[in-house]
Number of protein chains: 2
Amino acid sequence: MGASKTTTYSIQENSVAKYAKALSHPARVAIMNLLLKKQACVCGDIVDELPLSQSTVSQHLKALKEAGLIKGDIEGASVCYCIDEKEWTKAKTQLNQLFEKLYINTGKCC
Amino acid sequence: MGASKTTTYSIQENSVAKYAKALSHPARVAIMNLLLKKQACVCGDIVDELPLSQSTVSQHLKALKEAGLIKGDIEGASVCYCIDEKEWTKAKTQLNQLFEKLYINTGKCC
DNA sequence: CATATTGATCGTAAAGTTACGATTAATATT
DNA sequence: AATATTAATCGTAACTTTACGATCAATATG
């Protein structure tokens with residue numbers, strides 16, 4: 001009858017979900033936008049640009065860092081954040097491959 | 001506190017976050033993979049392919065539907081799901097535009 | 001008509017997210 | 001040395017997500 005339910009999720013599925021989750025909050029998209037525009041940014045500058053408290057921004061930065069999308073460099077008392085280009089490209093490729101899969105529906109339904 | 005006001009972020013930021021959120025769980029990526037492969041799928045078939053209960057799958061389908069990525073057609077007692085091509089393309093474009101923004105870091109830090 | 005199948009929805013528990021202020025550790029400045 | 005600045009972390013409250021079983025309405029089949 002039915003197919004097996006044995007599958008846990010594939011590497012691709014977990015990977016796409018991880019990157020998507022990192023970008024699943026507008027504040028984190030806004031942070032990425034800032035880093036893409038400025039190339040590098042001190043944490044305090046990001047706090048100034050967003051309508052969020054320092055601790056909340058720090059939390060969002062942590063999430064992006066854990067997904068691998070950004071990295072931080074200590075610069076004295078400040079921390080300079082920037083995009084992890086290698087990982088950003090990897091995320092881009094992973095998501096692109098998912099979106100590329102579509103070929104136009106020949107009309108089974110919908 | 002849970003959510004954030006949608007008005008505080010740009011349309012692009014909210015839009016990207018919305019699509020990313022839809023894909024932020026491996027089960028939902030798996031569902032999209034299935035629909036991309038088969039072009040159309042009865043809900044029950046999706047349940048058979050995933051290690052989740054019927055109600056949980058239905059919940060994930062609802063999330064994808066609310067993000068606009070899929071649509072469902074009633075076929076007798078069953079419901080046939082497929083990708084909303086227009087919205088899928090929109091999501092693709094939105095995410096692509098974000099990822100395209102990167103030009104290589106000239107070395108401010110990191 | 002009676003019963004089975006299908007899939008949405010309800011109720012609910014556990015876990016996770018998001019937000020903030022307070023605190024802490026590190027570095028800078030006076 | 002004393003104080004200010006910076007950003008991570010802690011503690012906590014409120015909300016959301018994820019999961020499941022139970023139930024319901026709609027269709028299908030005997």
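Structure's up top.
In this report, the structure presented in the accompanying data block is examined. Only a predicted model underlies this, so the values are computations on that prediction, with no experimental measurement involved.

Topic: the state of the cysteines
Residue and element names in this part refer to chain B. Applying the stated criterion across every chain yields a total of zero disulfides over all chains. With no disulfide of its own, Cys 43 has Cys 41 as its nearest cysteine by sulfur position, at a separation of 9.2 Å. Relative accessible area serves as the criterion here: at 16%, Cys 43 is assigned to the buried category.

What about the protein's contact with DNA strand D?
Neighbouring DNA strand D are 24 residues; A:Gly44, A:Ser58, A:Tyr81, B:Lys21 and B:His60 lie closest to it. Sugar and phosphate atoms constitute 59% of the interface atoms of DNA strand D, taking the interface as everything within 4 Å of the protein. A distance of 3.0 Å separates a phosphate oxygen of DNA strand D from a polar backbone atom of B:Ser53. Contacts to DNA strand D include B:Ala77, whose backbone N or O atom sits 3.2 Å from a sugar or linking oxygen. Put simply, the parts of the chain that give the surface near DNA strand D at least two residues each are helix H3 (43-49), helix H4 (54-66) and strand E3 (78-83) of chain A together with helix H4 (54-66) of chain B. Looking at the surface near DNA strand D residue by residue, the class counts come to eight nonpolar, 13 polar and three charged.

Points about helix H5 (residues 85-100) of chain B
All names here are of chain B. Compared with an ideal rise of 1.5 Å per residue, which puts 16 residues at 22 Å, H5 spans 22 Å between its outermost C-alpha atoms and is within 8% of the ideal. When we look at burial in H5, the residues that qualify are Glu 87, Trp 88, Ala 91, Gln 94, Leu 95, Leu 98 and Phe 99. Summarising the axial view, the buried residues of H5 lie within an arc of 130°, below the 170-degree limit, and thus occupy one face.

Details of the environment of A:Leu50
Here A:Leu50 lies in the loop between H3 and H4. When the C-alpha positions of A:Leu50 and A:Ala67 are compared, they lie 21 Å apart, and in sequence the two are 17 residues distant. Dropping the residues within four chain positions of it, A:Leu50 is found in contact with A:Ala27, A:Ala30, A:Ile31, A:Val57 and B:Tyr9.

Quick notes on the side chain of B:Ser24
Within the secondary structure, B:Ser24 sits in the loop between helix H1 (11-22) and helix H2 (26-38). A relative accessible area of 14% places B:Ser24 in the buried class. A distance of 2.7 Å separates a polar side-chain atom of B:Ser24 from the backbone oxygen of B:Lys21. Discounting chain neighbours no more than four positions away, the residues touching B:Ser24 are A:Ala17, A:Ala20, A:Lys21 and A:Ser24.

Here's the deal with the interface of chain A and chain B
Taken together, the 53 residues of chain A in the interface contact 53 residues of chain B. For the pair chain A and chain B, the two sides together bury roughly 4,900 Å², of which 64% comes from carbon and sulfur. When residues of chain A are sorted by the area they lose upon contact with chain B, A:Tyr9, A:Phe99 and A:Cys110 head the list and together hold 15% of the total. One can count two salt bridges joining chain A with chain B. On inspection of chain A and its partner chain B, the count reaches six residue pairs in polar contact (both at pLDDT 80 or more). Of all the secondary-structure elements, those providing two or more residues to the side of chain A that touches chain B are helix H1 (11-22), helix H2 (26-38), strand E2 (70-75), E3 and helix H5 (85-100) of chain A. Top element by residues in the side of chain A that touches chain B is H5(A). It accounts for nine residues.

Procedures and definitions
- Residues numbered from 1 in each chain as written.
- Chains lettered and ligands numbered in written order.
- Predicted model: local features only at pLDDT ≥ 70, side-chain atom pairs only at ≥ 80, totals over all residues.
- Heavy atoms only, no water.
- Disulfide = S-S within 2.5 Å.
- Buried < 20%, exposed > 50% of the residue type's maximum accessible area, 1.4 Å probe, protein only.
- Near = heavy atom within 4 Å.
- Polar contact = N/O pair within 3.5 Å; in protein donor to acceptor, adjacent residues only side chain to side chain.
- Helix = DSSP H or I, 4+ residues; strand = E, 2+ residues; numbered from the N terminus.
- Nonpolar A, V, L, I, M, F, W, Y, C, P; charged D, E, K, R; others polar.
- Expected span 1.5 Å × (residues − 1).
- Arc of directions from axis to C-beta.
- Contact = heavy atoms within 4.5 Å.
- Buried area = accessible area lost by both parts, 1.4 Å probe.
- Salt bridge = Lys/Arg side-chain N within 4 Å of Asp/Glu carboxyl O.

This is a description of form; function is not addressed.
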